[in-house]
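Letter by letter, the chains look like this.
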Amino acid sequence: QAPGDDGTDETPDENPDGNPDENPDENPDENPDENPDETPETAQFPYIDIEGHWSEPYAVELALDNVFRGNQIGGNFYFEPDTVLTRGDFVMLLNAAVGIAGETPNVNDFSFTDKDTMPAWLYNQGLLAYEAGIIKGSGTDGGAAFLPYEKLTRAEAFTMLYNIIQEFNTPKPYALTFDDSASVPDWSLEAIQNLLGLNIISGFPDNTIRPYGSITRAEAAALISKADEYMPLPQTLKRYITSKMRLYK
């Protein structure tokens, strides 16, 4: 796993899941127009706010796979593609994508230091992601915090996603040649290099990777859809979790 999902906001080079903003409309990582061969087939789903949007096929794919169905108001479904995600949002999407969202956490020798700041259902989603190795938590004086309400960064999203697939795929590291490669934190370097090598991510037209930029719902849908072929089957992941006895009493 990529080291360091245990930093703080004050020291971003040590935080595996950081913060800042970014323009979602110019992100080529998730733009099907620039990667037509990787665009999933568009199937019918009644979203009324993304017809013709570049993320439509990815959003529809997640809906048909029962990973995420957006927001329903009356008889209409809204994807809201430009909504910026939090750490908790993305963790729940990843849990659903690998088929563990409905499970009961088994880990009983660990708890997040910010447990009392969130409802039990959200805390359980964090524990599921922790025992699956998706996250390690953000370091605090007393241990590790989930920080589910903090804005998700690209580096955090890439690291969480890679944490899922790295145990089940051959590494394909790709050398970073972006103009802002020096800003990539050490804890996310392995994840970013390998996701580039697997063609799951690319970068921006201005040759930047922007590790501390934010992630929108549209971008997250594209990331998860593009990584689908590298995801472990639910039963495979569950066997892997069970084998990690250090997470259990």
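Residues numbered from 1 in each chain as written. Predicted model: local features only at pLDDT ≥ 70, side-chain atom pairs only at ≥ 80, totals over all residues. Heavy atoms only, no water.

Examining the overall build of the protein
Part 1: Looking only at helices and strands, the protein features seven helices and four strands.
Part 2: Listing the helices and strands of the protein from first to last along the sequence gives α-β-β-α-α-β-β-α-α-α-α.
Part 3: Within the protein, the proportion of its 249 residues that are buried is 53%.
Part 4: Intrachain contacts of the protein at a sequence separation of at least 6 include 77% that bridge at least 24 residues.
Part 5: Just so you have it, the protein exposes about 11,100 Å², and 48% of that area is on carbon and sulfur atoms. (Helix = DSSP H or I, 4+ residues; strand = E, 2+ residues; numbered from the N terminus. Buried < 20%, exposed > 50% of the residue type's maximum accessible area, 1.4 Å probe, protein only. Contact = heavy atoms within 4.5 Å. Areas by Shrake-Rupley, 256 points an atom, 1.4 Å probe, with all protein chains shown as cover.)

What about the confidence of the model for the protein?
Part 1: Taken over all residues, the pLDDT of the protein has a mean of 83, while the share at 70 or more is 79%.
Part 2: Contacts of residues 30–43 to residues separated by more than four positions or lying in other chains number 25 contacts, the stretch itself having pLDDT below 50.
Part 3: Confidence drops under a pLDDT of 50 for residues 245–249, and excluding neighbours within four residues, the segment shows 14 contacts in the predicted structure. (pLDDT = per-residue confidence, 0-100.)

A short note on the packing of helix H2 (residues 87–97) against helix H4 (residues 154–165)
Part 1: As a packed pair, H2 and H4 sit with axes 11 Å apart at the nearest point and diverge in direction by 25°. Between H2 and H4, the interaxial angle falls into the category roughly parallel. When the axes of H2 and H4 are compared, the crossing they make is right-handed. Between H2 and H4, the residues in contact are Arg87, Phe90, Val91 and Leu94 and Glu156, Ala157, Met160, Leu161 and Ile164, respectively.
Part 2: Per-class residue counts for the contact of H2 with H4 are seven nonpolar, no polar and two charged. (Axes fitted to C-alpha atoms, helices over the stretch in contact; angles between N-to-C directions. Parallel < 35°, antiparallel > 145°, perpendicular 65-115°, else oblique. Left-handed = near helix turned anticlockwise from the far one by under 90°. Nonpolar A, V, L, I, M, F, W, Y, C, P; charged D, E, K, R; others polar.)

A few points about the nonpolar core
Part 1: Formed by 66 residues in total, the largest nonpolar core has its most connected members in Phe90, Ile134, Ile135, Ile165, Ile200 and Ile201.
Part 2: Among the elements of the structure, helix H1 (56–64), H2, helix H3 (120–131), H4, helix H5 (186–197), helix H6 (217–227) and helix H7 (234–243) are those that each provide at least two residues to this core. (Core = buried A, V, L, I, M, F, W, Y, C linked by side-chain atoms within 4.5 Å.)

A look at unusual backbone geometry
Part 1: The phi dihedral of asparagine 199 falls on the positive side, at around 60°, and the residue is not glycine.
Part 2: One can find asparagine 199 in the loop between H5 and H6.
Part 3: A positive phi angle, near 65°, is found at asparagine 207, a position not held by glycine.
Part 4: Relative to the elements of secondary structure, asparagine 207 occurs in the loop between H5 and H6.
Part 5: Residue asparagine 207 is classed as partly exposed on the basis of its relative accessible area of 29%.

What about the pattern of salt bridges?
Part 1: Enumeration over the complete set of coordinates arrives at three salt bridges.
Part 2: Here glutamate 80 makes a salt bridge to arginine 217, at a shortest N to O gap of 3.9 Å. Of this pair, glutamate 80 sits in the loop between strand S2 (76–78) and H2 while arginine 217 sits in helix H6, and the two are 137 residues apart along the sequence.
Part 3: Residue arginine 210 pairs with aspartate 206 through a salt bridge whose shortest N-O separation is 3.0 Å. (Salt bridge = Lys/Arg side-chain N within 4 Å of Asp/Glu carboxyl O.)

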